[in-house]
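The primary structure of each chain is shown beneath.
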Amino acid sequence: MLWSKLGVTAVMQLALGWVLGLMLIPVFRRMKTGKYSPYIGDRFRTDGSEPAFGGVNALIVYAFGCFVAAAFCESGGRLIAAAVFAAVAALPGVLDDHLLDRLGKNAGVRTKIKLGYTFAACLVYAAAARRLGYAGTELILPFRLGIIPLGIAYVPVSAAVMTLIIYSFRVMNRFGTDEETCIGGLSYAVGAVGALGLSAAGTAVRSDEITALGLVTAAALMSGLFFGLAPAKHRSGSSGGSFTGAAAAAGLVLTENLQLCVVFAAAAAFIDALCAAVQFLRYRRTKRLWLMGTSLHHHLKNKKYGEYAVIGVFAVITLTADAAAVWYAVYLYKSYL
């Protein structure tokens, strides 16, 4: 019964994403170029007029899915909390798109301000989730290595991990505001595959809310691929990376003892961000490059991998991590739950 309801919800989300693209692409394009045309144009060609703000569409679809699923899940408040958090955490990306795409500025919001805002939003969200009883403050290690009671450290530690997840997806989407490092649909596709893994993990532990959260997240991100997959007619922009990261991080404090499943689902983004960090630090120290690009996905792109091939590589990494997440969920269910 749950999966039939979730299936209908996902179909409605995909339909909403398609309609929003048709409606809002001309609006966002007018904000960029000053000219309004109701036509989307050739889906497989770009002319430089393609607008950003792709994350706004995906966020609307995500919020819609969360509110619908909340109506038939026992603890629907978790889904509503996730939708509210995603909207708040994606705001810096939306502001970046506003400054860069609409106003034509050379830079977005300062990194220190965005980082501080994101951490503060995660801190408040984690504290609220703990207060409402949505969060499990114990970290259960695999292979019977024991349980780590985080206690009062739970909130700041969770906020730090959530911030890391968000910024990892921002890097995967593009490095800073450099459009050359962007591969249309990469962050959406990887986020969607990871969310499906989280949904499978929720099913393994008989949690309707986690199953629903994973599926509505995957459907929202898949809807972004209609017009966001390369060649993108609706660029993800900074809002796309921020939203994808926020949607991935939202589940960390709502999954009770399945926090590691969320971390596994974001593994590909972590790897990409780690490569970017090593590249930056190595160049700063030695003035020599390690990769042929600012991150792993940019390196593969510069190595003449096609954009779909790069997406495929990261999808395989995420599927492998999904398998680990489901294994961990089954282990947890049999051993502790």
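Scroll up to find the structure.
Values in this document were obtained by computation on a predicted structure and should not be read as measured data.

In this section: the packing of aromatic side chains. The geometry of an aromatic ring pair comes down to the distance between the two centres and the angle between the two planes. In the structure shown here, the tally under the stated rule is 9 aromatic pairs. Arranged with centres 5.0 Å apart and planes meeting at 25 degrees, the rings of W18 and F227 form a pair that is stacked. Taken together, the positions of W18 in helix α1 (residues 2–33) and F227 in helix α9 (residues 225–228) put the pair 209 residues apart, joining distant regions of the chain. Members of the aromatic cluster, connected to one another through ring pairs, are F143, F264, W327, Y328 and Y331. Across from the ring centre of Y167, 5.3 Å away, lies the NZ or CZ of R170, which sits over that ring.

The subject of this paragraph is a nonpolar patch on the surface. Together, F67, I80, V84, V88, L91, L95 and Y117 make up an exposed nonpolar region whose accessible area comes to about 560 Å². Counting residues per element, the ones that place at least two in the nonpolar patch are α3 (77–89) and α4 (91–102). It is α3 that provides the largest number of residues to the nonpolar patch, a total of 3 residues. Accessibility expressed as a relative area gives 32% for I80, which makes it partly exposed.

Turning to its location among the elements, K304 is positioned in the loop between α13 (296–302) and α14 (307–335). Along the sequence, K304 and A218 sit 86 residues apart, while their C-alpha atoms lie 29 Å from each other.

Calculation rules
- Residues numbered from 1 in each chain as written.
- Predicted model: local features only at pLDDT ≥ 70, side-chain atom pairs only at ≥ 80, totals over all residues.
- Heavy atoms only, no water.
- Phe/Tyr/Trp six-rings, centres within 6.5 Å; stacked < 30°, edge-to-face > 60°.
- Helix = DSSP H or I, 4+ residues; strand = E, 2+ residues; numbered from the N terminus.
- Lys NZ or Arg CZ within 6 Å of the ring centre and 35° of its normal.
- Patch = residues over 30% accessible without salt bridge, like charges linked within 9 Å, V, L, I, M, F, W, Y side chains within 5 Å.
- Areas by Shrake-Rupley, 256 points an atom, 1.4 Å probe, with all protein chains shown as cover.
- Salt bridge = Lys/Arg side-chain N within 4 Å of Asp/Glu carboxyl O.
- Buried < 20%, exposed > 50% of the residue type's maximum accessible area, 1.4 Å probe, protein only.

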